[in-house]
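# Chain and residue survey
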Amino acid sequence: METLQSLTGTEDILPKPQLVGQDIKVADISTWQRVEAAARDIFHRAAYREIRTPIFEQTALFERGIGEATDVVGKEMYTFKDRSDRSLTLRPEGTAGVVRAFIQQSLYAQGGVQRLWYTGPMFRYERPQKGRQRQFHQVGVEVLGSRDPRADVEVLALATDLLQTLGLRNLTFFLNSVGNPEDRARYREALVAYLTPYKDQLDSDSQDRLSRNPLRILDSKDEKTQAIAQAAPSILDYLGDDSRRHFDSVQQQLTDLGIAFELNPRLVRGLDYYTHTAFEIQSSDLGAQATVCGGGRYDGLVKELGGPDTPAVGWAIGLERLTLLLETLNPAAAPTVDLYVVSRGEKAESNGLLLAQKLRGAGFAVELDLSAAAFGKQFKRADRSGAAACLILGDAEAENGTVQLKWLQSGEQLELTQADLLADVEGLRSQLRAAREV
Ligand code: ATP
Ligand code: MG
């Protein structure tokens with residue numbers, strides 16, 4: 001029979017790393033869990049609350065929320081008709097769904113500022129390569145309801161905190177302002193005037209964008225277009241007073257917090273609801289897929305999607321790229337258990353199961369050997385499990401209500417009653433801790 005395979009551009013994340021030679025072939029879950037735990041901790045300490053929105057939504061949400069002129073909507077969405085002939089799309093990013101929920105659930109009615117974070121799978125039909133998949137994962141934050149430049153700086157600081165806590169190095173943080181829609185209209189004119197004489201030399205996507213969305217030409221990946229864009233006028237020269245003040249304040253406060261950044265006037269988001277701050281964090285260790293984090297301010301989006309005029313700012317980090325970086329930095333240790341239960345003989349086996357359950361209930365991580373193999377074989381598995389100690393039950397122990405406790409590192413073994421073992425879980429816990437520290 002034909003064996004079924006996972007789809008191109010999707011990945012299994014396994015409990016233990018799969019090594020092929022020195023290379024990690026398949027990602028392992030402990031790196032992901034480390035990232036998720038660090039993110040949750042950092043977000044909660046800044047009073048951000050988790051939000052979970054559906055993985056699929058009406059196609060129109062993304063068309064309006066991301067913009068039809070973008071690559072994501074134009075080429076990358078997983079869009080399909082359901083059985084009732086509705087057009088649905090697997091979410092390609094998190095912001096549109098969060099803003100939809102903010103409006104639909106009237107989160108704005110609570111007043112003040114909403115600080116939200118999310119994580120989960122996203123879907124884009126792209127050419128899969130290292131750091132680029134069709135099902136990938138993001139963690140992201142959104143702050144809704146504040147125009148204050150401190151909100152921009154707060155979300156930026158959360159991103160750098162997270163990346164630093166995880167120990168990442170070789171990161172560059174690029175910053176820009178795209179002003180407000182009026183600033184951008186003036187800049188757009190200047191940009192089109194500059195680019196038009198080069199029209200024939202631009203890549204074909206960029207030629208298309210010249211009339212529809214010229215700002216996006218600045219982040220074209222085509223070399224020739226990039227060379228032309230290098231000398232284009234800078235949007236920073238077109239900021240009005242309000243935008244200038246906002247941007248100066250963001251820069252000043254980043255400096256006060258000791259967060260280093262580089263200005264990059266070609267970092268743009270072409271759509272009208274993007275305003276002011278735009279930023280990206282790149283790693284020099286990722287090859288072509290260098291951007292780990294992207295975000296900025298989107299003061300026009302909530303209104304664009306039918307909600308009340310609400311300023312907002314946020315970012316998203318790509319978790320595949322982040323875990324790739326972490327795994328090259330320090331490959332995760334395989335997870336281990338505290339105790340490994342070895343038993344042989346009918347009575348001892350059911351006694352072992354009961355003892356394992358009681359110890360799990362007391363807070364220990366316990367692995368029960370299910371093989372019913374010879375003791376020697378079970379001991380070998382106990383060694384491989386990474387447990388600090390092994391509990392051994394044979395016919396005699398099951399009969400007497402005792403158990404052999406064997407410390408795997410020293411080989412030291414003692415017999416005690418199961419009742420005594422369970423009566424002194426604190427003693428056992430500190431002995432396990434001591435054994436781990438050796
Ligand atoms: P890129 O220029 O690499 O295509 P993007 O501008 O499309 O990125 P965003 O929409 O800003 O990316 O998404 C934020 C982050 O999500 C990216 O910086 C990246 O880390 C991650 N990401 C985006 N698309 C993918 C993908 N197909 N596979 C893995 N990660 C992705
Ligand atoms: Mg992309």
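These lines cover the structure that appears in this document, whether it is placed above or below. (Residues numbered from 1 in each chain as written. Chains lettered and ligands numbered in written order. Predicted model: local features only at pLDDT ≥ 70, side-chain atom pairs only at ≥ 80, totals over all residues. Heavy atoms only, no water.)

On to the overall build of the chain. Counting its regular elements, the chain contains 16 helices and 18 strands. Relative to its length of 438 residues, the chain is extended, with a C-alpha radius of gyration of 28 Å against a globular reference of 22 Å. For the C-alpha atoms alone, the extent of the chain along its principal axes is close to 90 × 55 × 45 Å. Per-residue burial over the chain gives 49% buried out of 438 residues. Long-range pairs, those at least 24 residues apart, make up 68% of the contacts in the chain between residues at least 6 apart in sequence. Total accessible area on the chain stands at roughly 22,300 Å², and carbon and sulfur atoms take up 48% of it. Side chains of the chain give 51 positive and 61 negative charges; the mean places of these two sets differ by 2 Å. (Helix = DSSP H or I, 4+ residues; strand = E, 2+ residues; numbered from the N terminus. Rg over C-alpha atoms; globule rule 2.2 N^0.38 Å. Buried < 20%, exposed > 50% of the residue type's maximum accessible area, 1.4 Å probe, protein only. Contact = heavy atoms within 4.5 Å. Areas by Shrake-Rupley, 256 points an atom, 1.4 Å probe, with all protein chains shown as cover. Lys, Arg positive; Asp, Glu negative; His and termini not counted. Charge placed at Lys NZ, Arg CZ, Asp CG, Glu CD.)

Moving on, we get to the environment of alanine 435. Along the polypeptide, alanine 435 turns up in helix H16 (residues 425–437). As a C-alpha pair, alanine 435 and leucine 171 span 264 residues in sequence and 38 Å in three-dimensional space.

Next up on the list: the pairing of strand S5 (residues 78–81). Strand direction decides the pairing type here: S5 and strand S6 (residues 87–90), joined by 4 bridges, are antiparallel. Considered in S6, the bridge of lysine 81 is made with serine 87. Linkage of S5 to S6, two consecutive antiparallel strands, is achieved through a turn of 5 residues, within which aspartate 85 is found at a positive phi near 70°. (Pairing = 2+ DSSP bridges.)

Once that is clear, we can look at helix H12 (residues 346–361). Over its 16 residues, H12 runs 23 Å from end to end, which matches the ideal 22 Å to within 8%, given 1.5 Å per residue. Buried residues of H12: Ala348, Asn351, Gly352, Leu355, Ala356 and Leu359, and no others. Projected down its long axis, H12 carries its buried residues within an arc of 140°, all on one side. Residues of H12 that are exposed and point over 90 degrees away from its buried face: Glu346 and Gly361. Directly beyond the C-terminal end of H12, a positive phi value near 105° is found at glycine 363. (Expected span 1.5 Å × (residues − 1). Arc of directions from axis to C-beta.)

Here we take up the pattern of salt bridges. As enumerated under the stated definition, the model contains 21 salt bridges in all. A salt bridge links aspartate 205 to lysine 75; its shortest N-O distance comes to 3.0 Å. Here the residue aspartate 205 occupies a position in helix H7 (residues 204–212), and lysine 75 occupies one in helix H3 (residues 71–76), the gap between them amounting to 130 residues. Residues joined in a network through salt bridges with shared partners are Asp71, Lys75, Asp205 and Arg209. (Salt bridge = Lys/Arg side-chain N within 4 Å of Asp/Glu carboxyl O.)

This paragraph deals with H16. With 13 residues, H16 extends 19 Å from end C-alpha to end C-alpha; this agrees with the ideal 18 Å at 1.5 Å per step. The complete set of buried residues in H16 reads Val425, Gly427, Leu428 and Leu432. Down the axis of H16, the smallest arc covering the buried residues is 155°, so these residues share one side. Projecting away from the buried face of H16 at angles above 90 degrees are the exposed residues Glu426 and Glu437. Of the surrounding secondary structure, the elements contacted by the buried residues of H16 are strand S14 (339–343), H12, strand S17 (402–407) and helix H15 (418–423).

The sheet built from 8 strands is open, its strands ordered S3-S7-S8-S13-S12-S11-S9-S10 with mixed pairing. What marks the edges here is a single partner per strand, and that holds for strand S3 (49–50) and strand S10 (262–263). Bridge count between strand S9 (residues 171–177) and strand S11 (residues 275–283): 7 bridges; the pairing is antiparallel. In the strand pairing of S11, phenylalanine 173 is matched with isoleucine 281.

Within the structure, ligand 1 sits among 14 residues, and Arg124, Glu126, Arg132, Gln133 and Thr291 are positioned closest to it. Here an oxygen atom of ligand 1 and a side-chain polar atom of glutamine 138 are 2.9 Å apart. Between an oxygen atom of ligand 1 and a main-chain N or O atom of threonine 291, the distance comes to 2.9 Å. Considering ligand 1 on its own, with 580 Å² of exposed area, one finds that the protein chains cover 83% of that surface. Among the elements of the structure, strand S8 (135–144), strand S12 (291–297) and strand S13 (312–318) are those that each provide at least two residues to the shell around ligand 1. In terms of residue count, S12 provides more of the shell around ligand 1 than any other element does, 3 residues in total. Of the residues contributing to the shell around ligand 1, the split by class is 4 nonpolar, 5 polar and 5 charged. (Near = heavy atom within 4 Å. Polar contact = N/O pair within 3.5 Å; in protein donor to acceptor, adjacent residues only side chain to side chain. Nonpolar A, V, L, I, M, F, W, Y, C, P; charged D, E, K, R; others polar.)

Here helix H1 (residues 29–45) crosses helix H11 (residues 319–329) at 110°, and the two axes come no closer than 10 Å. The orientation of H1 relative to H11 falls into the category roughly perpendicular. In this structure, H1 meets H11 at a crossing whose hand is right-handed. Touching Thr31, Trp32, Arg34 and Val35 of H1 are Leu319, Glu320, Leu322, Thr323, Leu326 and Glu327, all from H11. Class assignment of the residues belonging to the contact of H1 with H11 gives a composition of 5 nonpolar, 2 polar and 3 charged. (Axes fitted to C-alpha atoms, helices over the stretch in contact; angles between N-to-C directions. Parallel < 35°, antiparallel > 145°, perpendicular 65-115°, else oblique. Left-handed = near helix turned anticlockwise from the far one by under 90°.)

Mapped onto the elements, arginine 297 comes out in strand S12. Side-chain polar atoms of arginine 297 contact the backbone oxygen of serine 146, separated by 3.0 Å. In terms of polar contacts, arginine 297 uses its side chain to reach the backbone carbonyl oxygen of aspartate 148, at 3.4 Å.

The subject of this paragraph is the pairing of strand S16 (residues 389–393). When you tally the buried positions in S16, you get 5 out of 5 residues, the bulk of the element. The alternating pattern of S16 places Ala389, Leu391 and Leu393 on one face and Cys390 and Ile392 on the opposite face, and all of these are buried. By the bridge criterion, 5 bridges tie S14 to S16 in an arrangement that is parallel. In the strand pairing of S16, valine 342 is matched with isoleucine 392. Two elements, S16 and S17, share 4 bridges in a ladder whose sense is antiparallel.

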